Amino acid sequence: MTTGNGSDEASGADALWYTGAGCAAIRHETLGPLAPGHLRVEALYSGISRGTESLVFNGHVPASEFQRMRAPFQAGDFPFPVKYGYACVGRIAAGPDAGALLPGQTVFVLHPHQTLFDIPADAAHIVPDHIPSKRAVLSANMETALNALWDGGLAPGDHIAVVGGGVIGALTAWLASRTPGTRVTLIDKNPEKARIARKLGLAFAEPENTRGDNDLVIHASASEAGLETAIGLCGMEATLVEMSWYGERRVTIGLGGAFHARRLRLISSQVGQIPPARRPRWDHARRLATAIRLLDDPCLDALLEEPVAFADLPHCLPRVLAPDAATLCQVVRYPAAAPVACDIS
């Protein structure tokens, strides 16, 4: 049985499209009647994934990656025009009764930035009531952090360095610090990131003030200099996990010196695949549900920028995605998230 507003008739929606290098626009589209087994979701907040979406915004997705880079509900094709994004939190407006997926339930969806959209019921992931909708936009980033620590083989008592104090690096460091006995240091060339580290309960250091005796090093700065720093931080036979994705940009890494002499293990981590040792028991839905539960800590709000209105996104994106921007997770607020006045007369 279908319930809620607008489920049996066409409804209008507005969506953000990347239309050319450095350009974006909001386009209106019409949703048809709700298909069987689908939910209609009204967006509350979404998050800009700064690293990936800056590549999309600037047209730097390599042609070889056009298919692998597609988001689950992407429309259009790379390079442009393309509707892209994967960090949306919304409220179910209509759909069939599907267990806990009822109208009014808050859900996380790997969907582009759009005011109203339809998805298969199994694409909605419940956000528990005690986790604020705005914080839940970090779900996909937390999933990436979780996958990286699985790839790196984190163990209790490890000494861990995370190079790059952006959202992904900070979340990875925070999650690693939750493992008993670990010593975790967040490293960034920007001393202002020390404030974020303190709010997350993490030690902080600038690259020149670091030690090279770590069991596990995570690189998330997407820079050649950061990767060089990460190599230098590895102890003997340590593991270095590369989380950065460089798009079309080539980087040079030194495979002599410390890398060779210390017999380092360099591996990539990419959230599209679950590490082999976990695949028999884990699927993407279980991993994402776990990532959402891990957001149950108010300190993570330190990673959220003040929301911008969805209608203002085309004008804000050049600033948010500028190469030298210090933006963390830019939150987008939709009209449905506006406070509702209560008549108590």
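A. Focus on a nonpolar patch on the surface. Where nonpolar side chains cluster on the molecular surface, the patch consists of Val251, Ile253, Leu255 and Leu266 and spans about 280 Å² of accessible area. Among the structural elements, Ile253 can be located in the loop between strand S15 (234–242) and helix H6 (257–261). You can call Ile253 partly exposed: its relative accessible area is 33%.

B. Inspection of the confidence of the model for the protein chain at higher detail. Averaged over all residues, the pLDDT of the protein chain is 93; the fraction at 70 or higher stands at 94%. Segment residues 1–6 is flagged for pLDDT under 50; beyond a separation of four residues in sequence, or across chains, it makes 17 contacts in the model. Every residue in residues 340–345 scores below 50 in pLDDT, and together they form 0 contacts with partners more than four places removed in sequence or on other chains.

C. Focus on the sheet that holds S15. With respect to topology, 6 strands assemble into an open sheet ordered S13-S12-S11-S14-S15-S16, the strand pairing being parallel. Unpaired on one side and paired on the other, strand S13 (203–205) and strand S16 (265–268) mark the two borders of the sheet. Ignoring which end each strand starts from, the neighbouring axes of this sheet average 20 degrees apart. Pairing analysis gives 5 bridges linking strand S11 (residues 159–163) to strand S12 (residues 183–187), with the strands arranged parallel. When the bridges of S12 are listed, Ala161 appears paired with Thr185. Packed on one face of the sheet, helix H5 (residues 224–232) meets S11, strand S14 (214–219) and S15 and runs near 145 degrees to S15.

The rules behind the values
Numbering of residues begins from 1 in every chain and follows the order in which that chain's sequence is written. Local features in this predicted model are restricted to residues of pLDDT 70 or higher, and side-chain atom pairs are both shown and tallied only at a pLDDT of 80 or more, whereas totals for entire chains, interfaces and linings draw on every residue. Water and hydrogen atoms play no part in the side-chain values, which are based on all heavy atoms of the structure. Each patch is built from salt-bridge-free residues with over 30% relative accessible area, joining like charges within 9 Å and nonpolar side chains (Val, Leu, Ile, Met, Phe, Trp, Tyr) within 5 Å. Throughout, the Shrake-Rupley method with a 1.4 Å probe supplies accessible areas, and for residues the shown protein chains are the sole cover considered. Salt bridges are defined by distance alone: a side-chain nitrogen of Lys or Arg within 4 Å of a carboxyl oxygen of Asp or Glu. Helix numbering and strand numbering both begin at the N terminus, where a helix is a DSSP run of H or I of at least 4 residues and a strand a DSSP run of E of at least 2. Whether a residue is buried, partly exposed or exposed follows from its accessible area with a 1.4 Å probe, protein chains only, as a fraction of its type maximum: under 20%, in between, or over 50%, in that order. Every residue gets a pLDDT, meaning the predictor's confidence in that residue, from 0 to 100. Residues count as neighbours in contact if any of their non-hydrogen atoms are within 4.5 Å of one another. A strand pair is defined by DSSP finding two or more bridges across the two strands. For helices, the fitted axis covers only the stretch in contact; all axes are lines through C-alpha atoms, and the angles between them, taken along N-to-C directions, range from 0 to 180 degrees.

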